[in-house]
Number of protein chains: 2
Amino acid sequence: MSLLDASLIADIPLFQGVARQDLVELLSKAKSERYVKERTIFNQGEDAHSFFLLLDGHIRVVRITPEGEQVIVRYISSGELFGIAHALGLDKYPANAVSAVDCVVLSWPGAIWKSVSEKFPAFTANTYKTVGARLQEAQDKVVELATERVEQRVANAILKLANQTGKKTEDGILIDFPVSRQDISEMTGTTLHTVSRLLSAWEQEGIVKSGRKKITVIEGHKLAVLAGGDQRS
Amino acid sequence: MSLLDASLIADIPLFQGVARQDLVELLSKAKSERYVKERTIFNQGEDAHSFFLLLDGHIRVVRITPEGEQVIVRYISSGELFGIAHALGLDKYPANAVSAVDCVVLSWPGAIWKSVSEKFPAFTANTYKTVGARLQEAQDKVVELATERVEQRVANAILKLANQTGKKTEDGILIDFPVSRQDISEMTGTTLHTVSRLLSAWEQEGIVKSGRKKITVIEGHKLAVLAGGDQRS
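Just so it is clear, the model here is predicted, and its values are computed rather than measured. (Residues numbered from 1 in each chain as written. Chains lettered and ligands numbered in written order. Predicted model: local features only at pLDDT ≥ 70, side-chain atom pairs only at ≥ 80, totals over all residues. Heavy atoms only, no water.)

**Side note on the interface of chain A and chain B**
Phase 1: Contact residues are listed per partner, giving 33 residues for chain A and 33 residues for chain B.
Phase 2: Regarding the contact of chain A and chain B, the summed buried area is about 3100 Å², with carbon and sulfur atoms giving 69% of it.
Phase 3: When residues of chain A are sorted by the area they lose upon contact with chain B, R63, L135 and V142 of chain A head the list and together hold 17% of the total.
Phase 4: Along the contact surface separating chain A from chain B lie two salt bridges.
Phase 5: Between D140 of chain A and R63 of chain B there is a salt bridge, with its nearest N and O atoms 2.6 Å apart.
Phase 6: If you look at where chain A meets chain B, you find two residue pairs in polar contact (both at pLDDT 80 or more).
Phase 7: At 17 residues, the largest contribution of residues to the side of chain A that touches chain B is made by helix α3 (residues 121–147) of chain A.
Phase 8: When grouped by side-chain class, the residues that make up the side of chain A that touches chain B number 16 nonpolar, nine polar and eight charged. (Contact = heavy atoms within 4.5 Å. Buried area = accessible area lost by both parts, 1.4 Å probe. Salt bridge = Lys/Arg side-chain N within 4 Å of Asp/Glu carboxyl O. Polar contact = N/O pair within 3.5 Å; in protein donor to acceptor, adjacent residues only side chain to side chain. Helix = DSSP H or I, 4+ residues; strand = E, 2+ residues; numbered from the N terminus. Nonpolar A, V, L, I, M, F, W, Y, C, P; charged D, E, K, R; others polar.)

Here is the structure:
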């Protein structure tokens, strides 16, 4: 019997339309785990033994190139699935997952994905909506990398993080987990030097404030203009 | 009653595991259409009125940026679904679809996606495998754009097209539909000038042969080395 209560996940959009008793059954198959920050949850290329739901925290999804370069593919926020290789028809994880802060995670054995997906169609449909949204996001990023200047890409990455995880503070919108300049460079395909140069310039103009692994957006509108948000719908 | 025979689609991997009578029912809801080359099948932002299966030909999927720049997101080959906005949880097409050659296409009303996906689970599961594969592909491209030099990206794009659609000829592997230097530049986020410079250099080295909208790979191994295939698994 599981000690996890259905109220843990009932309010997560992913479980919208899933009956209470199905939530209970889903949770009875789950294991909850804690990861302190900067812990690897799974590695790229590893057999996909489990799929995961982030209950609390932030997870960094990182691809490693054959040359050993790192690219941050996305950040996972609480309430989101990750490591859903089986739903994508893969049997190995396509990237590393690393806790950016202390995290609480539910995990299910990968082997039950098929039966779970057949048994809980509302959950499955929501999962595939997530996959669809990530496909859109990845294609947006392809377009961004192919057409935008470095300055736009960096501005966009910071805006996206502020939207996804921003917390209102006295100074402005603080990105609610540690983000280093190196992280921004790995998100945007830019050198560390360029990210530093841009952040320093924006800091002088009062657009952002940044410290060690901390970024606060002060003038979101100006950042949106830099990101090309002006001409966007 | 439909005039389309189940044999039209029975051998397509997408329909693997779908019972014959289900194929017949699926086809009874489909409409077949012909598009001469360079015809727009749907536009980015348009209501997703239909979803499509390419029976024969090649389709170019193109994103237009707010600034009017074009990026070729992928090519669709025969046997593949496209315009599956509904399966992604979208109600508008996220890109343009244009016939790169004369095409034969099946289309279904978008409104029936939900009932079709519930009624034919094998087809649905295969569709989501496709979506998963495209997510992987898009993330590969993000990594490529973020880390690879222009030369690698152009070599990679040509190799991929040759693998996806190549036809053996006397000279080597011919990409089996018209591809211009402009197309390659829109696939790789590179200027037309750079693509022309690279192709001319590779032509002098006997690696490829290219004419108006025609590219033949002569020395695939050398191209793979340029693409960084050396160090890849």
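**Some remarks on helix α6 (residues 192–204) of chain B**
All names here are of chain B.
Phase 1: With 13 residues, α6 should cover 18 Å at 1.5 Å per step; its first-to-last C-alpha distance of 18 Å lies within 8% of that length.
Phase 2: Among the residues of α6, T194, V195, L198, L199 and W202 are the ones counted as buried. Projection of α6 onto a plane perpendicular to its axis shows the buried side chains occupying an angular sector of 125 degrees, all on one side. When the buried face of α6 is taken as reference, the exposed residues oriented beyond 90 degrees from it are H193 and Q204.
Phase 3: On its buried side, α6 packs onto α4 (150–165), α5 (181–188), β11 (208–211), β12 (214–217) and α7 (220–226).
Phase 4: Positive phi appears at G206, one or two residues downstream of α6, with a value of about 75 degrees. (Expected span 1.5 Å × (residues − 1). Buried < 20%, exposed > 50% of the residue type's maximum accessible area, 1.4 Å probe, protein only. Arc of directions from axis to C-beta.)

**Remarks on the sheet that holds strand β7 (residues 96–99) of chain B**
All names here are of chain B.
Phase 1: On the basis of which strands lie adjacent, the open sheet formed by four strands has the order β2-β7-β4-β5 and antiparallel pairing. A single partner strand is all that each edge strand has here, and the edge strands are β2 (40–42) and β5 (70–77). Ignoring which end each strand starts from, the neighbouring axes of this sheet average 30 degrees apart.
Phase 2: Across two bridges, the pairing between β2 and β7 is antiparallel. What sits directly across from F42, in β7, is A97.
Phase 3: Packed onto the sheet, α4 meets β4 (58–64) and β5 and runs at close to 25 degrees relative to β5. (Pairing = 2+ DSSP bridges. Axes fitted to C-alpha atoms, helices over the stretch in contact; angles between N-to-C directions.)

**Let's talk about the UniProt feature "domain: HTH crp-type" (unreviewed entry) in chain A**
Phase 1: UniProt's feature table lists "domain: HTH crp-type" (unreviewed entry) at residues 148–221 of chain A, given in the numbering used throughout.
Phase 2: The distance from the first to the last C-alpha atom of residues 148–221 of chain A is 18 Å, and the span holds 53% helix and 19% strand. (UniProt positions renumbered as here; feature names shortened; annotations may be inferred.)

**Re the packing of α4 of chain B against α5 of chain B**
All names here are of chain B.
Phase 1: Where α4 contacts α5, the axes come no closer than 10 Å and their chain directions differ by 110 degrees. Here α4 lies roughly perpendicular to α5, going by the angle between them. Considering the relative orientation of α4 and α5, their crossing is right-handed. Mapping the contact onto sequence places R153, V154, A157, I158 and L161 in α4 and I184, M187 and T188 in α5.
Phase 2: Here the contact of α4 with α5 is composed, by residue class, of six nonpolar, one polar and one charged. (Parallel < 35°, antiparallel > 145°, perpendicular 65-115°, else oblique. Left-handed = near helix turned anticlockwise from the far one by under 90°.)

**With respect to the UniProt feature "domain: Cyclic nucleotide-binding" (unreviewed entry) in chain A**
Phase 1: The residues that UniProt annotates with the feature "domain: Cyclic nucleotide-binding" (unreviewed entry) are residues 14–100 of chain A.
Phase 2: In residues 14–100 of chain A, the share of helix is 10% and the share of strand is 41%. The end C-alpha atoms are 22 Å apart.

**Describing the domain arrangement of chain A**
All names here are of chain A.
Phase 1: We note that the domain assignment places domain 1 (7–145) and domain 2 (148–227) within chain A.
Phase 2: Distance from the C-alpha centre of domain 1 to the C-alpha centre of domain 2: 26 Å.
Phase 3: At the junction of the two partners, domain 1 supplies 15 residues and domain 2 supplies 14 residues.
Phase 4: Of the roughly 1300 Å² buried between domain 1 and domain 2, counting both surfaces, carbon and sulfur atoms make up 51%.
Phase 5: Sorting the residues of domain 1 by area buried against domain 2 places I72, Y75 and E144 first, and these three jointly supply 45% of that buried surface.
Phase 6: Across the pair E144 and K160 runs a salt bridge whose closest N-O atoms are separated by 3.6 Å.
Phase 7: Our enumeration of links across domain 1 and domain 2 arrives at five residue pairs in polar contact (both at pLDDT 80 or more).
Phase 8: Of all the secondary-structure elements, those providing two or more residues to the side of domain 1 that touches domain 2 are β4 (58–64), β5 (70–77) and α3.
Phase 9: The greatest single-element share of the side of domain 1 that touches domain 2, amounting to six residues, is contributed by β5.
Phase 10: For the side of domain 1 that touches domain 2, a count of residues per class yields eight nonpolar, three polar and four charged. (Domains from an automatic or database assignment.)

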